[in-house]
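Structural features, examined
One-letter residues, chain by chain:
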Amino acid sequence: MILQLRNLLILLTITTISFACNTDKKEQQALFEEVMLMHDEVMPKMGNLRALSAELSQKADSLALDSLVDYSSKVNEMRNLSKKLKDANEGMMEWMRQYEQVEEGTPHGEVMQYLLEQRKLIKKVRDDMLNSKDEAEKYLLENS
């Protein structure tokens, strides 16, 4: 009877640990996927950001050469927008350089803390990229 009770307790302990591990893995996987979805949403837009930045820089350079009219405020606006685009693009590059895969066996709490921080960082990258892209496209549309 004592042996059966002991075996039952061991089985319950193993089942509980196994369930907790599976729950931890699922929680980690869901957070990892959320981080990667944000990355994947904006990564393909990097080329577009570079193209918009180049277009704004080229227009700013052309206006700066015009000696008949003072376009300094427009030139500054375009250069500032171009810089925002470059900074947003560099933000993605920096995020990718610092991101590291979590090693197998890392405690759940550490994994979650790391992934939560990565989610915060990539959300800022995503927001910076989308906002600078929208702002530049709007500016170019309104000032064509």
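These figures come from a predicted structure and were not determined experimentally.

Following the criterion strictly, the structure yields two aromatic pairs and no others. Ring plane angle 40 degrees and centroid distance 6.0 Å describe the contact between Y99 and Y114, whose orientation is recorded as tilted. Within this pair, whereas Y99 is found in the loop between α3 (72-98) and α4 (108-142), its partner Y114 is found in helix α4, the two being separated by 15 residues in sequence. Classification of Y114 by relative accessible area gives partly exposed; the value is 23%. One aromatic cluster is present, built from ring pairs that chain together W95, Y99 and Y114.

Its place among the elements puts S82 in helix α3. Judged by relative accessible area, which is 2%, S82 ranks as buried. For the pair S82 and R50, spaced 32 residues apart in the sequence, the C-alpha separation amounts to 8.7 Å. Sequence-distant contacts of S82, that is, excluding residues within four places in its chain, are made with S53, L56 and S57.

Another aspect to go through is the pattern of salt bridges. Pairing is possible between side chains of opposite charge, provided their charged atoms come close. In total, this model carries 14 salt bridges according to the counting rule given. One salt bridge in this structure joins R97 and E94, with 3.1 Å as the shortest N-O distance. In this pair, R97 and E94 both sit in helix α3, three residues apart, roughly one turn of the helix. Classification of E94 by relative accessible area gives partly exposed; the value is 42%. Ionic pairing is found between E137 and K133, a salt bridge with its closest N-O pair at 3.2 Å. Of this pair, E137 and K133 both sit in helix α4, four residues apart, which is roughly one turn of the helix.

Next up on the list: the side chain of S53. By the secondary structure assignment, S53 is in helix α2 (residues 46-65). In this view, S53 contacts S82, L85 and K86; residues no more than four positions away in its chain are not counted.

About the cut-offs
Residues numbered from 1 in each chain as written. Predicted model: local features only at pLDDT ≥ 70, side-chain atom pairs only at ≥ 80, totals over all residues. Heavy atoms only, no water. Phe/Tyr/Trp six-rings, centres within 6.5 Å; stacked < 30°, edge-to-face > 60°. Helix = DSSP H or I, 4+ residues; strand = E, 2+ residues; numbered from the N terminus. Buried < 20%, exposed > 50% of the residue type's maximum accessible area, 1.4 Å probe, protein only. Contact = heavy atoms within 4.5 Å. Salt bridge = Lys/Arg side-chain N within 4 Å of Asp/Glu carboxyl O.

No statement about biological role is implied by the geometric values presented.
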